[in-house]
Number of protein chains: 6
Amino acid sequence: MRIHVVNPNTTQSMTDKIAAAAKAAALPTTHILATQPDMGPVSIEGYFDEAFSVPGLLQCIAAAETQGVAGHVIACFDDTGLDAARCLATTPVIGIGEAAFHAASLVAGTFSVVTTLSRSIPAIEHNLVRYGLASRCARVRASEVPVLSLDDPGSPARRLISDEIEKAKADDRAEAIVLGCAGMADLAAQLSEQHGLPVIDGVAVAVGLVEMLSRNGILTSKRGGYASPLPKTYAGIFAAFAPRHAGD
Amino acid sequence: MRIHVVNPNTTQSMTDKIAAAAKAAALPTTHILATQPDMGPVSIEGYFDEAFSVPGLLQCIAAAETQGVAGHVIACFDDTGLDAARCLATTPVIGIGEAAFHAASLVAGTFSVVTTLSRSIPAIEHNLVRYGLASRCARVRASEVPVLSLDDPGSPARRLISDEIEKAKADDRAEAIVLGCAGMADLAAQLSEQHGLPVIDGVAVAVGLVEMLSRNGILTSKRGGYASPLPKTYAGIFAAFAPRHAGD
Amino acid sequence: MRIHVVNPNTTQSMTDKIAAAAKAAALPTTHILATQPDMGPVSIEGYFDEAFSVPGLLQCIAAAETQGVAGHVIACFDDTGLDAARCLATTPVIGIGEAAFHAASLVAGTFSVVTTLSRSIPAIEHNLVRYGLASRCARVRASEVPVLSLDDPGSPARRLISDEIEKAKADDRAEAIVLGCAGMADLAAQLSEQHGLPVIDGVAVAVGLVEMLSRNGILTSKRGGYASPLPKTYAGIFAAFAPRHAGD
Amino acid sequence: MRIHVVNPNTTQSMTDKIAAAAKAAALPTTHILATQPDMGPVSIEGYFDEAFSVPGLLQCIAAAETQGVAGHVIACFDDTGLDAARCLATTPVIGIGEAAFHAASLVAGTFSVVTTLSRSIPAIEHNLVRYGLASRCARVRASEVPVLSLDDPGSPARRLISDEIEKAKADDRAEAIVLGCAGMADLAAQLSEQHGLPVIDGVAVAVGLVEMLSRNGILTSKRGGYASPLPKTYAGIFAAFAPRHAGD
Amino acid sequence: MRIHVVNPNTTQSMTDKIAAAAKAAALPTTHILATQPDMGPVSIEGYFDEAFSVPGLLQCIAAAETQGVAGHVIACFDDTGLDAARCLATTPVIGIGEAAFHAASLVAGTFSVVTTLSRSIPAIEHNLVRYGLASRCARVRASEVPVLSLDDPGSPARRLISDEIEKAKADDRAEAIVLGCAGMADLAAQLSEQHGLPVIDGVAVAVGLVEMLSRNGILTSKRGGYASPLPKTYAGIFAAFAPRHAGD
Amino acid sequence: MRIHVVNPNTTQSMTDKIAAAAKAAALPTTHILATQPDMGPVSIEGYFDEAFSVPGLLQCIAAAETQGVAGHVIACFDDTGLDAARCLATTPVIGIGEAAFHAASLVAGTFSVVTTLSRSIPAIEHNLVRYGLASRCARVRASEVPVLSLDDPGSPARRLISDEIEKAKADDRAEAIVLGCAGMADLAAQLSEQHGLPVIDGVAVAVGLVEMLSRNGILTSKRGGYASPLPKTYAGIFAAFAPRHAGD
């Protein structure tokens with residue numbers, strides 16, 4: 001099967017890292033189609049960046065749908081644009097944030113999240129409440145590592161994240177850790193071994209969840225909030241994005 | 001004071017109706033600046049339309065900020081783009097959904113919402129949960145009136161909305177009604193009289209809330225989720241939207 | 001319009017301070033009618049004091065209603081007697097506690113409350129749960145300043161409150177502060193500037209909320225819990241307070 | 001032991017009925033001291049009546065404390081004045097509402113409440129939320145029987161209550177019923193037999209809970225919200241109610 | 001009346017201690033029937049031990065039912081097997097965990113639990129959520145005292161528990177303490193006096209609750225989750241435990 | 001990889017059906033090891049049956065662990081014994097109830113559950129609350145089909161389940177359906193097609209979740225509630241089940 005993994009920011013090195021994590025996690029028979037939008041922010045740090053990443057992300061989703069993919073992974077921990085993407089796609093769409101929360105809930109009573117900047121904490125907390133899994137999360141912690149520093153080998157990113165995991169173990173009674181950024185995907189295995197508890201990267205588990213849903217023929221429900229967009233006119237630079245009648 | 005009221009869809013007649021409701025509610029000393037984006041959907045019905053209304057809406061917010069407004073009202077009941085707009089603006093930003101929920105909570109123990117299409121119910125429910133006011137809302141109901149039919153004098157919109165209010169009184173034990181679309185602003189007074197309970201339009205109360213906050217010098221907190229966007233590059237058609245350094 | 005602001009304790013200097021805060025916040029066209037009961041405690045510190053402040057407070061509400069007021073503000077942070085007052089009055093009644101919680105929720109993701117004595121914390125927490133806004137409040141903190149010390153220029157009250165705000169910023173990740181006593185009304189602006197986040201006094205915003213509701217013709221719902229009291233006999237010293245038939 | 005049961009309204013026939021229920025439930029070695037205030041409403045139907053029942057109720061509590069009682073029962077289903085009474089008394093104080101909710105939670109997964117008038121529903125719902133037991137209550141139902149009709153042998157009260165129990169079984173999946181008024185105390189046993197599920201009267205179980213707590217030497221905590229009132233002046237007709245220094 | 005108190009582990013000294021606590025709390029007219037299973041773990045520390053204590057516990061419940069008991073107390077703080085025992089018994093079944101939570105909720109706004117090992121915390125937290133009383137519990141704390149050390153006079157158990165109570169007072173704002181193990185029953189009175197707040201042992205209050213329910217004729221509801229087991233075959237070593245038709 | 005699927009009841013035909021569903025869902029490279037205990041009830045309908053299914057189930061888990069399985073699926077919708085099994089196993093353990101709830105949450109905003117008998121509803125509701133997913137479940141519905149009737153081709157089981165799905169669509173606004181019994185595994189695909197929304201069987205998705213976790217090297221956390229059982233003596237018929245020291 002083909003699975004589309006979209007990095008909603010426009011930084012190629014992050015797309016590459018995400019693609020590598022996805023490929024490492026995927027079944028041998030799965031082909032990973034990794035994309036990034038050609039419009040929008042180079043990294044997503046807060047609500048404003050999120051807003052400008054969504055149109056390009058949806059363009060990627062639409063393009064991938066025409067290529068017969070089995071499902072989509074949105075590789076931003078805020079699950080940016082997830083609801084809109086589910087309306088658009090006919091196949092399942094999984095955000096790496098939700099994927100990691102669900103996976104952690106299956107192997108631990110409680111987990112803590114370690115993300116990048118503290119400005120990203122509220123969005124993650126809102127998602128946890130919406131998904132219902134806030135009661136499973138002991139605390140969302142910020143390592144204060146900017147997203148793009150995760151790609152800088154000279155940055156103290158790994159140490160800062162590890163320190164925050166230590167605090168989560170000591171202060172939150174966390175039984176598992178969720179890494180709160182797609183750019184941390186390469187750290188999960190090593191941190192898990194070092195700290196002696198599950199450390200979960202959302203990219204890997206999101207790919208696995210799409211594979212699981214697709215192999216079982218489970219598609220997004222089109223009753224309710226994820227109904228296909230109604231055909232209508234979009235003005236200006238978004239005219240080409242407007243939903244069309246099925247027969248158009 | 002000047003208050004910016006932005007209709008996030010691109011339908012001029014709705015902008016006009018919203019502007020009229022805002023002016024009717026505003027203080028004599030308040031000037032209403034009503035805008036609409038020049039890109040995006042003609043009406044917002046579900047998550048997909050929401051996603052494409054936000055960039056244009058934020059452009060309107062940015063433009064209004066340069067004109068010294070005291071605050072902004074986002075006149076879409078989904079409170080589309082509210083978080084991103086709060087990051088961008090220095091003055092308060094109020095969504096008409098939240099405004100109506102807060103107002104109803106001040107005059108009634110519980111309220112029901114009557115909105116347009118059932119596909120919009122989940123987004124409204126998510127907002128209620130996030131704001132904390134889900135416990136005050138008995139039920140979100142759909143009248144199944146499309147947004148643009150609200151402008152059609154020949155449509156059964158008013159009757160369908162009134163019927164749903166009747167059910168909310170009988171079945172939900174609702175003590176107040178919140179009208180779930182900016183396009184219903186002109187119906188509130190008449191329906192309130194007819195049904196003998198508060199029927200609240202978010203446009204009017206949102207204007208009053210901005211006036212109240214502004215007169216008391218209360219601004220959006222810049223600690224946490226609403227911190228100003230970090231300066232960075234935005235690619236492609238969004239390059240001009242990229243946050244800049246304060247001194248740029 | 002005339003707005004009735006009732007200080008539910010019997011200390012004239014607090015009534016004066018509250019009246020000053022209300023007048024400073026009110027529209028130029030609003031007349032503030034400030035009252036205090038002639039029975040009950042000199043300050044309200046805990047549930048017992050609350051109970052004996054309510055009859056006098058309701059007497060003040062009833063008297064003000066005969067003078068054609070547009071609404072009432074109950075200027076005790078516990079929102080003492082709010083439910084009973086809403087049953088009695090035909091116009092809106094706003095507690096300064098709820099007013100401050102709602103205002104803070106419009107400009108910040110989360111807030112902490114700084115109140116007087118720790119014995120008052122549970123009542124405030126109960127109100128937050130009832131209103132639905134407990135999820136927005138990071139923590140209710142006590143400065144251990146007795147209510148009447150707030151009027152004593154020699155007391156360390158201001159410093160103790162400021163220290164507690166510092167802790168709320170450091171430990172609670174609070175994005176805004178709500179001052180938890182009507183007697184702190186004069187401190188809000190200065191503390192907001194000092195600490196760099198919104199510091200909200202309930203008296204000012206409650207006046208603004210009554211103005212907003214009244215200008216929009218929104219009255220308390222009389223369906224449900226706030227229905228007018230049923231006519232019946234009250235025994236003993238409360239005989240004169242008994243609800244009467246409309247025609248009596 | 002002596003247990004004080006206070007009927008917070010001023011209707012002697014209800015005090016008599018409550019005393020009878022308390023005596024029937026009490027241990028042979030327990031003496032029931034039944035009182036009613038000499039001021040306040042003849043029945044408590046809503047928040048306004050509640051407010052005027054509390055001072056007299058607290059006077060009864062204070063008087064009973066001087067007589068060496070082992071604890072107090074507040075025999076109004078709204079648990080009127082419970083918090084203030086706990087501040088005042090040194091021995092346990094139990095409201096019949098909370099008593100019934102706790103008892104039902106010990107013998108059933110979920111219960112429904114059948115009370116008198118619908119205007120009383122919100123106060124009961126608020127109590128359930130505060131106590132934490134809202135998740136155990138399927139629904140609060142009103143039989144629309146006025147409190148004093150419960151004493152009228154010609155009224156359809158019993159039939160209306162029974163009908164509402166039938167609906168709770170069919171529609172709420174209720175596993176037990178809580179009778180929502182002290183005046184229904186004499187109906188519990190018969191309705192339980194008729195409907196084949198536990199039907200719980202709060203007066204009886206509240207007496208049993210005071211006996212249980214007292215025999216185990218468990219007193220109300222004086223840390224936090226139930227701390228003894230601080231000594232201070234009360235003005236006007238409440239001067240005599242003012243808390244005094246321990247040594248006064 | 002006869003009350004059955006079952007210690008679900010197989011350690012006689014704990015059964016003796018529990019029996020002593022139950023007898024000390026019981027009415028003079030109550031006969032305590034103390035039992036322990038003849039199969040299963042010597043102490044219950046975590047979910048695995050729980051699972052193997054339940055069959056023997058249910059055998060004890062079944063045997064006691066044939067002896068005409070008025071009710072059952074399950075003397076393990078995890079309320080092990082409570083739901084299954086309620087299905088089996090015709091008379092009330094009370095777990096000492098729930099008993100202590102309910103008792104604490106009647107005399108304090110919030111309580112903290114001090115239990116044995118941290119591995120037991122999640123099960124206790126789950127129970128609190130299920131019962132609805134999680135909002136009343138400030139924190140579940142582990143003293144890291146193994147269950148059987150509670151019987152060892154040379155162990156530091158009492159000091160460790162007392163230290164944890166001190167932390168609960170300082171850090172949790174706890175108004176009462178619940179002791180989280182049946183083996184702590186003999187410590188409650190002394191710790192309560194030492195720390196100046198209610199310290200509650202579940203064995204004593206559970207006995208009192210069974211007495212209260214039984215004297216009021218309140219039985220477990222057989223509608224819903226506690227319906228009597230359906231007659232069916234059980235295989236292997238559990239064949240004799242299989243539910244039989246009423247007439248069998 | 002080898003995955004152990006245990007049917008916790010002792011009915012071979014159900015084990016066969018479950019094995020078939022598991023094999024149909026598994027990867028070609030996955031070997032399904034299907035087991036059933038040799039002690040315990042022939043079907044699990046309520047808490048009492050649950051209690052007697054757990055020891056045998058844990059015996060199956062222990063046996064499978066010695067065979068190098070990658071993980072375990074507990075094929076009873078109540079997730080019987082899940083916590084104890086997680087303590088025992090070193091590899092992931094997934095209950096089919098939780099598996100189905102998580103899968104439904106990934107493709108729909110809300111779901112309803114259709115289970116067998118109404119006596120099973122409370123246990124399912126408790127699980128939903130514990131897992132955090134209660135807010136995603138609109139309603140748990142009983143079809144009143146006994147578990148073993150699902151194997152009877154002449155029973156009206158399929159029609160009754162389909163009728164209940166119809167009600168869930170009409171009354172609950174359910175966007176997806178979760179089938180609430182392992183014995184319904186063969187109905188999912190057909191009912192999904194018939195009703196036009198996702199109908200999810202827990203057996204299939206649980207297998208997929210174990211595959212996903214195992215392929216990513218994610219194991220159950222041994223910090224907290226799922227710590228390995230402490231070595232100790234078990235009395236009587238359970239002596240052989242006692243946890244041993246690692247070196248024993």
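This one's a predicted model, so the numbers in the text were calculated from it and none came from an experiment. (Residues numbered from 1 in each chain as written. Chains lettered and ligands numbered in written order. Predicted model: local features only at pLDDT ≥ 70, side-chain atom pairs only at ≥ 80, totals over all residues. Heavy atoms only, no water.)

Asks: Teacher, can you tell me more about the overall build of chain A here?
Replies: A count of helical and extended segments in chain A gives eight helices and 10 strands. A compact globule built from 248 residues would reach a C-alpha radius of gyration of about 18 Å, and chain A, at 18 Å, matches this within 12%. With respect to the principal axes defined by its C-alpha atoms, chain A has extents near 60 × 35 × 35 Å. Relative to its full complement of 248 residues, chain A shows a buried share of 68%. Restricting to contacts in chain A with at least 6 residues of sequence separation, those with at least 24 account for 68%. By element, 53% of the accessible surface of chain A is carried by carbon and sulfur atoms, the whole surface being about 7,500 Å². When the 19 positive and 25 negative side-chain charges of chain A are each reduced to one mean point, those points stand 5 Å apart. (Helix = DSSP H or I, 4+ residues; strand = E, 2+ residues; numbered from the N terminus. Rg over C-alpha atoms; globule rule 2.2 N^0.38 Å. Buried < 20%, exposed > 50% of the residue type's maximum accessible area, 1.4 Å probe, protein only. Contact = heavy atoms within 4.5 Å. Areas by Shrake-Rupley, 256 points an atom, 1.4 Å probe, with all protein chains shown as cover. Lys, Arg positive; Asp, Glu negative; His and termini not counted. Charge placed at Lys NZ, Arg CZ, Asp CG, Glu CD.)

Asks: Before we go on, may I ask you to explain helix H6 (residues 157-171) of chain A in this structure?
Replies: Residues lying three or four places apart along an α-helix face the same way, a consequence of the helix completing one turn every 3.6 residues. All names here are of chain A. Here H6 contains 15 residues, and its C-alpha end-to-end distance of 21 Å stays within 8% of the 21 Å for a straight helix at 1.5 Å per residue. Looking only at H6, the buried set comprises Ala 157, Ile 161, Ser 162, Glu 164, Ile 165, Ala 168 and Lys 169. The buried residues of H6 occupy an angular sector of 160 degrees when the element is viewed end-on, so they sit on one face. Facing away from the buried side of H6, by more than 90 degrees, are the exposed residues Ala 170 and Asp 171. Contact partners of the buried residues in H6: strand E6 (111-115), strand E7 (137-142), strand E8 (176-180) and helix H7 (188-195). (Expected span 1.5 Å × (residues − 1). Arc of directions from axis to C-beta.)

Asks: I would appreciate a short explanation of the sheet that holds strand E2 (residues 31-35) of chain B in the present structure.
Replies: Hydrogen bonds between backbone atoms are what pair the strands of a sheet, whose relative direction is either parallel or antiparallel. Residue and element names in this part refer to chain B. The strand order across the open sheet formed by four strands is E2-E1-E4-E5, and the pairing between neighbours is parallel. Each having just a single partner strand, E2 and strand E5 (93-95) make up the two edges of the open sheet. Mean inter-strand twist for the sheet, computed between neighbouring axes without regard to direction, equals 20 degrees. Bridging between strand E4 (residues 71-74) and E5 involves three bridges; their strand directions are parallel. Paired with Ile 74 across the bridge in E5 is Gly 95. The strands touched by helix H1 (residues 12-25) within the sheet are strand E1 (2-6) and E2, with E2 carrying the most contacts at an inclination of about 165 degrees. (Pairing = 2+ DSSP bridges. Axes fitted to C-alpha atoms, helices over the stretch in contact; angles between N-to-C directions.)

Asks: Any chance you could explain the state of the cysteines here in plain terms?
Replies: Disulfide: a covalent bond connecting the sulfur atoms of a pair of cysteines. One pass over the structure, following the stated rule, counts zero disulfides over all chains. The structure places no disulfide on C:Cys137, whose sulfur is separated from the nearest cysteine sulfur, that of C:Cys181, by 16 Å. Classification of C:Cys137 as buried rests on a relative accessible area of 12%. Sulfur of E:Cys87: no disulfide; nearest cysteine sulfur belongs to F:Cys76 and is 14 Å away. (Disulfide = S-S within 2.5 Å.)

Asks: I'm lost on the confidence of the model for chain A in this one. Help?
Replies: The share of residues in chain A with pLDDT of 70 or more is 99%, and the mean pLDDT across the chain is 96. Two numbers describe this predicted complex: its pTM, 0.97, and its ipTM, 0.96. (pLDDT = per-residue confidence, 0-100.)

Asks: What should I look at first to understand the interface of chain C and chain B in this one?
Replies: Quoted interface sizes are often the accessible area lost when the parts come together. In this complex, chain C contributes 45 residues to the contact, which on the side of chain B involves 45 residues. For the chain C and chain B pair, buried surface summed over both sides reaches about 3,400 Å², with 59% attributable to carbon and sulfur atoms. The largest contributions to the chain C side of the interface with chain B come from C:Leu106, C:Val107 and C:Arg223, which together make up 22% of the buried area. Linking chain C with chain B are 18 residue pairs in polar contact (both at pLDDT 80 or more), by the criterion used here. Of all the secondary structure elements, the ones that give two or more residues to the side of chain C that touches chain B are strand E5 (93-95), helix H4 (96-107), helix H5 (121-131) and helix H8 (202-215) of chain C. When the residues that make up the side of chain C that touches chain B are grouped by side-chain class, the tally is 24 nonpolar, 12 polar and nine charged. (Buried area = accessible area lost by both parts, 1.4 Å probe. Polar contact = N/O pair within 3.5 Å; in protein donor to acceptor, adjacent residues only side chain to side chain. Nonpolar A, V, L, I, M, F, W, Y, C, P; charged D, E, K, R; others polar.)

Asks: Which parts of the structure should I look at to understand the sheet that holds strand E5 (residues 93-95) of chain E?
Replies: All names here are of chain E. In spatial order, the strands read E2-E1-E4-E5; together these four strands make up an open sheet with parallel pairing. Strands with a single pairing partner mark the edges of an open sheet, and in this sheet they are strand E2 (31-35) and E5. Direction aside, neighbouring strands of the sheet carry axes that sit 20 degrees apart on average. Here helix H2 (residues 47-65) sits on the sheet in contact with strand E1 (2-6), E2 and strand E4 (71-74), set at roughly 170 degrees to E1.

Asks: Can you help me understand the relation of the copies chain C and chain B in this one?
Replies: For these two chain copies, the linking operation is a rotation about an axis paired with a shift along it. Least-squares fitting of chain C to chain B yields an RMSD of 0.0 Å, with the superposition described by an axial translation of 0.0 Å and a rotation of 180 degrees. The relationship between the two copies is best expressed as a two-fold rotation axis. Minimal C-alpha distance to the rotation axis in chain C is attained by C:Gly132, lying at 2.6 Å. A high fraction, 100%, of the interface residues of chain C reappear at the interface in chain B, so the copies pair face to face through one surface. (Least-squares fit on C-alpha atoms with pLDDT ≥ 70 in both.)

Asks: How do you make sense of the relation of the copies chain A and chain B when you look at a structure like this?
Replies: Mapping chain A onto chain B is achieved by rotating through 180 degrees and translating by 0.0 Å along the same axis, at an RMSD of 0.0 Å. Of the interface residues in chain A, 100% have counterparts in chain B that sit at the interface too, so the contact is made through matching surfaces.

Asks: Is there a simple way to explain the interface of chain A and chain B in this structure?
Replies: Opposite the 43 residues of chain A that make contact, chain B presents 43 residues. Both sides together, the interface formed by chain A and chain B hides about 3,800 Å², and carbon and sulfur atoms give 72% of it. For chain A, the biggest contributors to the area lost against chain B are A:Phe48, A:Phe52 and A:Arg119; these three give 20% of the whole. At the junction of chain A and chain B, the tally comes to four salt bridges. Ionic pairing is found between B:Asp49 and A:Lys232, a salt bridge with its closest N-O pair at 2.6 Å. Among the elements that take part in the side of chain A that touches chain B, helix H2 (residues 47-65) of chain A stands out by supplying eight residues, more than any other. Looking at the side of chain A that touches chain B residue by residue, the class counts come to 27 nonpolar, nine polar and seven charged. Of the pairings in the sheet, the one linking strand E10 (residues 234-235) of chain A to strand E3 (residues 40-41) of chain B comprises two bridges and is antiparallel in character. (Salt bridge = Lys/Arg side-chain N within 4 Å of Asp/Glu carboxyl O.)

Asks: Help me understand the pairing of strand E8 (residues 176-180) of chain B in this model?
Replies: Here is the key point about a regular strand: its side chains alternate between the two faces of the sheet. All names here are of chain B. Most of E8 is tucked away, with five of its five residues classed as buried. Across five bridges, strand E6 (residues 111-115) lies against E8 in parallel orientation. Counterpart to Thr 115 in the pairing with E8 is Gly 180. As paired elements, E8 and strand E9 (residues 199-200) share two bridges and run parallel to each other. Its bridge partner being in E9, Val 178 is matched across the sheet by Ile 200.

Asks: For this particular structure, what's the right way to read the environment of C:Glu164?
Replies: Residue and element names in this part refer to chain C. Inspection of the secondary structure assignment puts Glu 164 in helix H6 (residues 157-171). With 58 residues separating them along the chain, Glu 164 and Lys 222 place their C-alpha atoms 40 Å apart. In contact with Glu 164, other than residues within four places in its own chain, are Val 114, Arg 141 and Ala 142.

Asks: Can you help me understand the arrangement of the chains in this one?
Replies: Separated without contact, chain A and chain D have their nearest C-alpha atoms at a distance of 16 Å. You won't find any contact between chain C and chain F; their C-alpha atoms come no closer than 16 Å.

Asks: So what exactly am I meant to see when it comes to the packing of aromatic side chains here?
Replies: What characterises a pair of aromatic rings is the spacing of the ring centres plus the angle enclosed by the ring planes. Following the criterion strictly, the structure yields 63 aromatic pairs over all chains and no others. Aromatic pair E:Phe238 and F:Phe52: ring centres 5.2 Å apart, planes at 70 degrees, arrangement edge-to-face. Pair noted here: E:Phe238 is in the segment after strand E10 (234-235) and F:Phe52 is in helix H2 (residues 47-65), and the two residues belong to different chains. For the pair shown, E:Phe238 and F:Phe52 are each scored as buried. Cluster of aromatic residues (ring-pair linked, three or more members): A:Phe48, A:Phe52, A:Tyr234, A:Phe238, A:Phe241, B:Phe48, B:Phe52, B:Tyr234, B:Phe238 and B:Phe241. (Phe/Tyr/Trp six-rings, centres within 6.5 Å; stacked < 30°, edge-to-face > 60°.)

Asks: Sorry, what's going on with the packing of H6(A) against H7(A) here?
Replies: Helix-helix packing is described using two parameters, namely the angle between the two axes and the distance between the axes. All names here are of chain A. Direction vectors running N to C along H6 and H7 enclose 45 degrees, while the axes themselves pass 11 Å from each other. Taken together, the axis directions place H6 and H7 in an arrangement best described as oblique. Relative to H7, the crossing made by H6 is right-handed. On H7, the residues touching Arg 158, Ile 161, Ser 162, Ile 165, Glu 166 and Lys 169 of H6 are Gln 190, Leu 191, Gln 194 and His 195. When the residues that make up the contact of H6 with H7 are grouped by side-chain class, the tally is three nonpolar, four polar and three charged. (Parallel < 35°, antiparallel > 145°, perpendicular 65-115°, else oblique. Left-handed = near helix turned anticlockwise from the far one by under 90°.)

Asks: Could you clarify how one ought to interpret the nonpolar core in this entry?
Replies: Grouped burial of nonpolar side chains is what soluble globular proteins tend to show. Core analysis: the biggest nonpolar cluster contains 522 residues, and A:Phe101, B:Phe101, C:Phe101, D:Phe101, E:Phe101 and F:Phe101 have the highest contact counts within it. Beyond its immediate stretch of four places on either side in the chain, F:Phe101 contacts F:Phe77, F:Phe111, F:Val113, F:Ile124, F:Leu128, F:Tyr131, F:Leu133 and F:Val178. (Core = buried A, V, L, I, M, F, W, Y, C linked by side-chain atoms within 4.5 Å.)

Asks: Explanation requested: the pattern of salt bridges in the structure shown.
Replies: Side chains carrying opposite charge are able to pair once their charged atoms draw close together. Per the stated rule, a full pass over the model turns up 67 salt bridges over all chains. Its salt-bridge partner being E:Lys167, residue E:Glu164 comes within 3.4 Å of it at the nearest N-O pair. Here E:Glu164 pairs with E:Lys167, and both are found in helix H6 (residues 157-171), just three residues apart, close to one helical turn. A relative accessible area of 40% means that E:Lys167 is categorised as partly exposed. Among the charged side chains, a network of salt bridges with common partners joins A:Arg141, A:Glu164, A:Lys167 and A:Asp172.

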